[in-house]
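# A closer look at the structure
As a plain string of letters, each chain reads:
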Amino acid sequence: MPVHRSGTARRLRVLAAGTLLAALSLLSTHPSSAADVPARGTARMGMGVIAHDGRGGTPSTGDATQTEGVDVAGYQGDVAWSTLWSSGVRWAYTKATEGTYYTNPYFAQQYNGAYGIGMIRGSYHFATPDTTTGATQANYFVDHGGGWSGDGRTLPGTLDIEWNPYGAACYGKTQSAMVSWISSFLTQYKARTGRDAVIYTAASWWTQCTGDYSGFAASNPLWIARYASDPGTLPAGWAYYTMWQYTSSGPTVGDHDKFNGALDRVQALANG
């Protein structure tokens, strides 16, 4: 009997210790998981590129004529536009909006600052297809900095459609539903501005979340995201890219891009 009681006590102590460890484990992992999800509004172009596609070098000089650009968002604060201009940057995009709940507090300094230094500028919208419709977000974008004017210095707005930093990569949508959402945004943007929006995306996300849909390529310029020595295989339908975000660690602001052509091609896109 004493042996039996000793064995029972030992088993109870082991069980209690295991229960305590499990509880402590839950307490320690839950806050870190929550901390991994950024605050709404903080998303930006290329936020998920390294995590999903990695980083693999920088572009070689090559023979193609390309024009250097940058993309900026609120987290960068006031941007040193004169420094970027001196380094050869000639065009820039600024994040204007996200969903229907966020506007960039640094938008005026960034968007107007690029224009003031002599750059050709544009604005972009970070899409959240799980919150409101595409058309609703297009209206919000146009109403808060995403419009277009034929002044020769303003580029058409860009739809930034990529991995969801707040949850499921495809925002809980099927591939066909995602294509419909994107179409809704693009149609309304054109109705409001007369211009076809640029689509910024990564090929791997596009394949996963739209089924590599090719139907937008005829009208909407492609801005491809890939941090490597070349832009890689493009999404279906696009024979070439118009812009390429090639790094998030370039000088001054981090996010640097190549326009596929000389400055007169950037101007042509601005002019429509």
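These numbers come from a predicted model, not from an experiment.

Conventions used here
Residues numbered from 1 in each chain as written. Predicted model: local features only at pLDDT ≥ 70, side-chain atom pairs only at ≥ 80, totals over all residues. Heavy atoms only, no water. Helix = DSSP H or I, 4+ residues; strand = E, 2+ residues; numbered from the N terminus. Contact = heavy atoms within 4.5 Å. Phe/Tyr/Trp six-rings, centres within 6.5 Å; stacked < 30°, edge-to-face > 60°. Buried < 20%, exposed > 50% of the residue type's maximum accessible area, 1.4 Å probe, protein only.

Another aspect to go through is the environment of Ser214. Within the element layout of this structure, Ser214 appears in the loop between helix H7 (203-210) and strand E7 (222-225). Considering only alpha carbons, one finds Ser214 and Val179, 35 residues apart in sequence, at a separation of 9.9 Å. Not counting chain neighbours up to four residues away, the residues in contact with Ser214 comprise Ala236 and Gly237.

Take Glu68: it is sitting in strand E1 (residues 67-72). Those residues in contact with Glu68 that lie beyond four places of it in its chain are Gly88, Val89, Arg90, Trp91, Tyr246, His256, Asp257 and Lys258.

The subject of this paragraph is the packing of aromatic side chains. Enumeration according to the criterion identifies 16 aromatic pairs in this entry. The interplanar angle of 55° and the centroid separation of 4.9 Å between the aromatic rings of Tyr93 and Trp223 together place this pair among those described as tilted. Here Trp223 lies in strand E7 and Tyr93 lies in strand E2 (residues 91-98), a separation of 130 residues in the sequence. A residue is classified by how much of its surface remains accessible, and Trp223, at 0% relative accessible area, is buried. Both rings, one in Phe141 and one in Tyr189, keep their centres 5.8 Å apart while their planes meet at 25°; by these two values the pair is stacked.

Moving on, we get to the environment of Ala114. Note on placement: Ala114 falls in helix H4 (residues 107-117). A residue is classified by how much of its surface remains accessible, and Ala114, at 1% relative accessible area, is buried. Put simply, Ala114 and Val89 are 25 residues apart on the chain and 9.8 Å apart in space, counted from C-alpha to C-alpha. If we skip the residues at most four places from it in the chain, Ala114 touches Trp81, Ala92, Gln109, Met119 and Arg121.

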